[in-house]
Amino acid sequence: MKIASLIAALVATAALTASGQEGVVQDVKHGAKKAGETIKDGLETAGEKTKEAAKTVGKKQKRLPRP
């Protein structure tokens, strides 16, 4: 959903640039940048959680008895 918002914002920016509405273009660019930052933050959070989960699994596997 966030990626779709980013794409829509970028398309709107291109359309508004062609018509020369600078104030609106700046607002759309800001919105697109904010959406991109939100996506980046979400991916970083997911990466951190994956890393934590991998550490937890590794610790649990070390505790399992070996055959």
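Notes on the structure follow. The numbering scheme is per chain: residues are counted from 1 as the chain's sequence reads. Side-chain atom pairs in this predicted model are given and counted only at pLDDT of 80 or more, local residue features only at pLDDT of at least 70, and totals for whole chains, interfaces and linings cover all residues. Each side-chain value is derived from all of the structure's non-hydrogen atoms; neither hydrogens nor water enter the calculation.

The helix count covers DSSP runs of H or I at least four residues long, the strand count covers runs of E at least two residues long, and both are numbered beginning at the N terminus. A count of helices and strands for the protein chain gives two helices and zero strands. Residue burial considers only the protein chains on display, and all accessible areas are found by Shrake-Rupley using a 1.4 Å probe. Split by element, the accessible area of the protein chain, about 5,600 Å² in all, is 62% carbon and sulfur.

What follows covers the environment of Gly31. Examined against the element boundaries, Gly31 turns out to sit in helix H2 (residues 22–63). Throughout this description, buried means an accessible area under 20% of the type-specific maximum (1.4 Å probe, protein chains only), exposed means over 50%, and partly exposed covers the range between. Take Gly31: its relative accessible area is 35%, and that puts it in the partly exposed class. Residues Gly31 and Thr13, 18 residues apart in the sequence, show an inter-C-alpha distance of 10.0 Å.

Taken together, the side chains of Lys51, Lys55, Lys59, Lys60, Lys62 and Arg63 define a basic patch exposed on the protein surface. Classification of Lys62 by relative accessible area gives exposed; the value is 71%. Note on patches: the residues involved have over 30% relative accessible area and no salt bridge, like charges join within 9 Å, and the nonpolar side chains Val, Leu, Ile, Met, Phe, Trp and Tyr join within 5 Å. The salt bridge criterion pairs a side-chain nitrogen of Lys or Arg with a carboxyl oxygen of Asp or Glu, the two atoms within 4 Å. By the counting rule applied here, Lys and Arg register as positive and Asp and Glu as negative, while His and the ends of each chain are not counted. Every charge is mapped to an atom, namely NZ of Lys, CZ of Arg, CG of Asp or CD of Glu.

Below, the discussion takes up a nonpolar patch on the surface. Taken together, Ile3, Ile7 and Val11 make up a surface patch of nonpolar side chains, about 300 Å² in accessible area. Here Val11 lies in helix H1 (residues 2–19). On the accessibility criterion, Val11 (53% relative accessible area) is exposed.

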